[in-house]
Amino acid sequence: MQRKYPVTAAMMKTIKGHLFGRQPADVAFRGRTDVSVADAPAVWAGLVTAWMFLLRGGEWLCHDGCGYDPAKVVIGSGIVGYADGVRTLDLSLAMEIALELRTSKTDQYNFGAWRNHFRSGREICPVEAMVLLQRHHPERFGNGAEVLKPLFRRANGGPILTSQVNMMLANAAEECGMPPDRMGSHSLRIGGASALLHAGIQIENIMRWGRWLSNSFQRYLWEANETAPVSYTHLTLPTKRIV
C-alpha cells in the first residue's frame, strides 16, 4: 500500500479558487464534485479546519453510506471566538478561534480537547473561513438553533461526503502536478502535520497537536520545500484558557 501524499498550500488555494470562482473550469470542478456555490462556505471551512487542526475524517466528514459519527463530529457549539482574550459570538470580531474535539480513538477516557488558531490575514486562514461560514449559516453558531448538529454541512443541511472531498483533492493534485491516486481525505491531516514540521514546530508538539499517542505518526510526515502557512508559526499548543 502506497503512502498518501500530503495536501499542500498550493492545492488548498487551487480548491478555494474553484469553489468560489466563476470561470468555466471552476463550474466544471464544482460539477464533478457535486458542490454548489451555496455549499462552498461550508466545504472551504471544513477543508481549512481539517488541514490546520489536523482533524481525522470522521471528525468533520460524513463517510459515504454511514452518516456522521455523532460522538466525534465537530458541532457548532464547539467553536468559540476570542477578541483580545474575551469571548465573542461574532466571529468577524475574533482574532482567534478555539475548536472543541469531543473525543477520538486515542482519547480513552473521553476527556476531549481544545485547540486554537489565530487569524493569519493570509489566503488560507481558519478564522476567516469560519467567519464566512457563520455569515452564511448563523444558525450553526453561538445561540443558533443548529449548534448541536454537525457544523460542516451543505447549504441544504445535507452531508459533505468523504467521496466528494477525495474527488476535490484528486483534482487539485492533478492540477498541481501531483499524482491524484495518492490523495485521500487523510491527506489533509498528513498535509497539516507536514506543514507544521516545515514551520519549525518540534515533533513532540506536532504529536500533541494531532493527538497521536506515539512517534509512529512520523511515517506520515513528508519533508519538502512546500512553504507552510504563516498562521502555523503563531499557533498555541495547547490553549490554556478554560473554554
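Structure first, text after, so check above.
Description of the structure in this document. None of the values given here were measured: they were computed from a predicted structure.

Remarks on the sheet that holds strand β2 (residues 86–88)
A sheet is described by the order of its strands in space; here four strands give the open sequence β2-β1-β3-β4, paired in antiparallel fashion. Looking along the sheet, the strands with just one partner apiece sit at the ends: β2 and β4 (113–118). Adjacent strand axes in the sheet meet at a mean angle of 35°, parallel and antiparallel pairs treated alike. Sheet topology note: the strand β1 (residues 79–83)/β2 ladder contains three bridges and is antiparallel. Pairing of Y82 across the sheet is with R87, part of β2.

Here we look at the state of the cysteines
In a disulfide, the sulfur atoms of two cysteines are covalently bonded to one another. According to the stated counting rule, one finds zero disulfides in the structure shown. Its sulfur unpaired, C62 is 7.6 Å from the next cysteine sulfur, which belongs to C66. According to the relative accessible area criterion, C62 is buried, its value standing at 6%.

A look at the nonpolar core
Within the largest apolar cluster, 62 residues are counted, with the highest numbers of intra-cluster contacts made by L47 and L188. For this core, the secondary structure elements donating two or more residues are α1 (9–20), α3 (40–52), β3 (96–101), α4 (126–136), α5 (162–175), α6 (186–198) and α7 (203–209). Here this core gets 10 residues from one element, more than from any other, and that element is α3. Apart from the residues lying within four places of it in its own chain, the contact partners of L47 are M12, I15, L19, W60, V165, M168 and L188.

Some details on α5
The end-to-end C-alpha separation of α5 is 20 Å, in line with the 20 Å expected for 14 residues at 1.5 Å each. For α5, the set of buried residues is T162, Q164, V165, M168, L169, A170, N171, A172 and A173. One or two steps after α5, the chain reaches G177, where phi turns positive at roughly 80°.

Looking at the pattern of salt bridges
Under the counting rule described, the total for this entry stands at six salt bridges. The closest approach of N and O atoms between D34 and R154, which form a salt bridge, is 3.4 Å. With D34 in the loop between α2 (24–33) and α3 and R154 in the loop between α4 and α5, this residue pair connects regions lying 120 residues apart in the sequence. We classify D34 as partly exposed; its relative accessible area is 47%.

What about the packing of α3 against α4?
The geometry of α3 relative to α4 is characterised by a closest axis approach of 9 Å and an angle of 150° between their N-to-C directions. Taken together, the axes of α3 and α4 lie roughly antiparallel to each other. Note that α3 runs across α4; the crossing there is left-handed. Only P126, A129, M130, L132, L133 and H136 of α4 make contact with α3, whose side of the interface consists of P41, A42, W44, A45, V48, T49 and M52. Of the residues in the contact of α3 with α4, the class split is 11 nonpolar, two polar and no charged.

Considering the environment of V27
With respect to the helices and strands, V27 occurs in helix α2. Exposure remark for V27: the relative accessible area of 46% places this residue in the partly exposed category. V27 sits 10 residues away from V37 along the chain, and the two C-alpha atoms are 9.0 Å apart.

A few points about the environment of E100
Inspection of the secondary structure assignment puts E100 in strand β3. Residues E100 and S77 lie 23 residues apart in sequence; the distance between their C-alpha atoms is 8.4 Å. For E100, the residues in contact, after removing those within four places along its chain, are V74, G78, A113 and W114.

Scoring rules and cut-offs
Residues numbered from 1 in each chain as written. Predicted model: local features only at pLDDT ≥ 70, side-chain atom pairs only at ≥ 80, totals over all residues. Heavy atoms only, no water. Pairing = 2+ DSSP bridges. Helix = DSSP H or I, 4+ residues; strand = E, 2+ residues; numbered from the N terminus. Axes fitted to C-alpha atoms, helices over the stretch in contact; angles between N-to-C directions. Disulfide = S-S within 2.5 Å. Buried < 20%, exposed > 50% of the residue type's maximum accessible area, 1.4 Å probe, protein only. Core = buried A, V, L, I, M, F, W, Y, C linked by side-chain atoms within 4.5 Å. Contact = heavy atoms within 4.5 Å. Expected span 1.5 Å × (residues − 1). Salt bridge = Lys/Arg side-chain N within 4 Å of Asp/Glu carboxyl O. Parallel < 35°, antiparallel > 145°, perpendicular 65-115°, else oblique. Left-handed = near helix turned anticlockwise from the far one by under 90°. Nonpolar A, V, L, I, M, F, W, Y, C, P; charged D, E, K, R; others polar.

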